[in-house]
Amino acid sequence: MSSRIEVVSRVSGRRRWTVEEKLAVLRDAFGPDGCVRTACERHDVGSGSIYTWRRQAMSGELAGVRKLPDPAFAEVQISEPPALPAPIAPLVPGLIGIELPSGIKVTVDAAVDVEALSRVIGALAR
């Protein structure tokens with residue numbers, strides 16, 4: 001009895017690929033009739049390496065030259081600051097007026113308990 005045995009093995013250890021070899025594998029994988037699976041089998045390389053090399057080639061990193069991102073600019077227009085509204089009520093000596101961003105106004109005198117006022121403002125600001 002005779003039988004045929006085919007041994008498929010991978011290259012053991014790390015292989016050093018030149019830039020030209022990597023580009024040839026990329027042409028084989030992503031060319032007009034390319035197939036990543038076929039390129040992996042033909043060149044005995046993993047698909048992860050092929051996709052890494054493609055990313056590096058697209059960024060210019062594969063050739064040793066890293067492409068810097070293009071600068072981005074945004075248009076900025078400087079306008080006059082909005083005028084502050086005139087106070088609605090005249091100021092009374094000894095009173096402190098507080099207006100929250102929500103529009104709520106609180107008026108207290110100078111003898112107010114600071115901790116109590118802090119709790120009130122905290123509750124109103126929610």
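Described below are features of the structure shown in this document. (Residues numbered from 1 in each chain as written. Predicted model: local features only at pLDDT ≥ 70, side-chain atom pairs only at ≥ 80, totals over all residues. Heavy atoms only, no water.)

Another aspect to go through is the nonpolar core. Residues Trp 17, Val 25, Leu 26, Ala 29, Val 36, Ala 39, Cys 40, Val 45, Ile 50, Trp 53 and Leu 62 constitute the largest nonpolar core, which totals 11 residues. Contributing elements (two or more residues each) for this core: α1 (19-30), α2 (36-43) and α3 (47-59). The residues contacting Ile 50, other than those within four sequence positions of it, are Val 25, Leu 26, Ala 29, Phe 30, Val 36, Ala 39, Cys 40 and Val 45. (Core = buried A, V, L, I, M, F, W, Y, C linked by side-chain atoms within 4.5 Å. Buried < 20%, exposed > 50% of the residue type's maximum accessible area, 1.4 Å probe, protein only. Helix = DSSP H or I, 4+ residues; strand = E, 2+ residues; numbered from the N terminus. Contact = heavy atoms within 4.5 Å.)

Turning to the pairing of strand β1 (residues 95-99), a few remarks are in order. Pairing of β1 with strand β2 (residues 105-109), which is carried by five bridges, proceeds in the antiparallel orientation. Its bridge partner lying in β2, Ile 98 is registered against Val 106. Two successive antiparallel strands, β1 and β2, enclose a turn made up of five residues, where Gly 103 displays a positive phi of approximately 100°. (Pairing = 2+ DSSP bridges.)

Positive phi, close to 55°, is recorded for Asp 44, a residue that is not glycine. Tracing the chain through its elements places Asp 44 in the loop between α2 and α3. Classification of Asp 44 as partly exposed rests on a relative accessible area of 25%.

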